[in-house]
Amino acid sequence: MKKSCHPISIIDKYYSKNLQARKILLDHSRLVTRKALSIGRYLQNLGATVDVKFLAEAAMLHDIGMIMTDTPDLHCHGTGDYLQHGIRGKEILEGEGLFKHARVCERHIGIGLTAQEISKKNLPLPVLDMCPETLEEQIICYADLFYSKGIKNRNREKTREEVRDKLAKYGKGKVKIFDQWCKKFEPT
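Residues numbered from 1 in each chain as written. Predicted model: local features only at pLDDT ≥ 70, side-chain atom pairs only at ≥ 80, totals over all residues. Heavy atoms only, no water.

Description of the packing of aromatic side chains
Moving on, step 1. Considering all chains together, one arrives at six aromatic pairs under this definition.
Moving on, step 2. Relative to Trp-181, the ring of Tyr-142 has its centre 6.5 Å away and its plane inclined at 80 degrees; by these criteria the two rings are edge-to-face. With a gap of 39 residues between them, Tyr-142 in helix 7 (residues 135–144) and Trp-181 in helix 9 (residues 172–185) connect regions that are remote in the sequence. The same class applies to Tyr-142 as to Trp-181, namely buried.
Moving on, step 3. Between Tyr-142 and Phe-185, the aromatic rings sit 5.3 Å apart at their centres with planes inclined by 65 degrees, giving edge-to-face as the arrangement. Separated by 43 residues along the polypeptide, Tyr-142 in helix 7 and Phe-185 in helix 9 bring together distant segments of the chain. (Phe/Tyr/Trp six-rings, centres within 6.5 Å; stacked < 30°, edge-to-face > 60°. Helix = DSSP H or I, 4+ residues; strand = E, 2+ residues; numbered from the N terminus. Buried < 20%, exposed > 50% of the residue type's maximum accessible area, 1.4 Å probe, protein only.)

Notes on the side chain of Glu-136
Moving on, step 1. Mapped onto the elements, Glu-136 comes out in helix 7.
Moving on, step 2. Buried within the structure, Glu-136 lacks any salt-bridge partner; its nearest side chain of opposite charge belongs to Lys-100, at an N-O separation of 5.6 Å.
Moving on, step 3. With near-sequence residues (within four places) excluded, Glu-136 lies in contact with Thr-49, Val-50, Asp-51, Phe-54 and Leu-55. (Lys, Arg positive; Asp, Glu negative; His and termini not counted. Salt bridge = Lys/Arg side-chain N within 4 Å of Asp/Glu carboxyl O. Contact = heavy atoms within 4.5 Å.)

Points about the environment of Val-52
Moving on, step 1. Considering the arrangement of structural elements, one finds Val-52 in helix 3 (residues 52–61).
Moving on, step 2. For Val-52, a relative accessible area of 24% translates into the label partly exposed.
Moving on, step 3. As for Val-52 and Arg-41, which are separated by 11 residues in sequence, their C-alpha atoms are 7.5 Å apart.
Moving on, step 4. When residues no more than four places from it in sequence are discounted, the contact partners of Val-52 are Leu-37, Gly-40 and Gln-44.

Details of the confidence of the model for the protein chain
Moving on, step 1. When pLDDT is averaged along the protein chain, the result is 94; 98% of the residues meet or exceed 70.
Moving on, step 2. Confidence, read as mean pLDDT per element, is least for strand 2 (residues 76–77) in the protein chain (94) and greatest for helix 7 (98). (pLDDT = per-residue confidence, 0-100.)

Thoughts on the packing of helix 8 (residues 160–168) against helix 9
How two helices pack is summed up by the angle between their axes together with the distance between the axes.
Moving on, step 1. Axis separation between helix 8 and helix 9 bottoms out at 8 Å; the angle between their running directions is 155 degrees. Considered as vectors, helix 8 and helix 9 are oriented roughly antiparallel to each other. Crossing geometry of helix 8 relative to helix 9 is assigned as right-handed. On helix 9, the residues that touch Arg-160, Val-163, Arg-164, Leu-167 and Ala-168 of helix 8 are Lys-174, Val-175, Phe-178, Asp-179 and Cys-182.
Moving on, step 2. A class-by-class count of the residues in the contact of helix 8 with helix 9 yields six nonpolar, no polar and four charged. (Axes fitted to C-alpha atoms, helices over the stretch in contact; angles between N-to-C directions. Parallel < 35°, antiparallel > 145°, perpendicular 65-115°, else oblique. Left-handed = near helix turned anticlockwise from the far one by under 90°. Nonpolar A, V, L, I, M, F, W, Y, C, P; charged D, E, K, R; others polar.)

Description of the pattern of salt bridges
Moving on, step 1. In this structure the tally under the stated criterion is 19 salt bridges.
Moving on, step 2. For Glu-186, the salt bridge is made with Lys-35, and the minimal N-O distance between the two is 2.9 Å. Taken together, the residues Glu-186 in the segment after helix 9 and Lys-35 in helix 2 (residues 19–45) connect sequence positions 151 residues apart.
Moving on, step 3. Judged by its relative accessible area of 23%, Glu-186 falls in the partly exposed class.
Moving on, step 4. You can call Lys-35 buried: its relative accessible area is 7%.

Focus: the environment of Gly-110
Moving on, step 1. Along the chain, Gly-110 falls in the loop between helix 5 (99–107) and helix 6 (115–120).
Moving on, step 2. For the pair Gly-110 and Val-163, spaced 53 residues apart in sequence, the C-alpha to C-alpha distance is 9.9 Å.
Moving on, step 3. Excluding residues that lie within four positions of it along the chain, Gly-110 makes contacts with Cys-141 and Leu-145.

Below, the structure written as structure tokens:
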């Protein structure tokens, strides 16, 4: 039996004592969710099978783990490195019995991370592949690239060129994946 998911209730459970971080998370997550749902509906109209209910839930929860990081700019005062917010979110959502949602948290960082990248760069993460695999995981990962949680330009959608420029710092392969997603999710 599938466990029911109420994203705002789950967010409130972990953010009730930190209303500033809650607002940042909700503002960002709503923007990502709106873009993800637009893409999901577009793909459905083309005949693709997209679970838009799951897409909405998982997009709202994809960054829930930021509360466990030490990221003062986001009013988060946990112990982890910000790069760990995906795996911390996975832990939170697995604890809630939301294993499919937890995978989105784990796999949404940038364009996704490979075990080889994590090992080579000595990142503070478990050495395993964390690349989005399902269509819904890819859509959320893509939509997330367009919005920042930081103070500067928090509610403004980045242009494709801005996203490309940021991804280029991590290699041509990341930009190539992004360009493939652009063609697949927003071809016009």
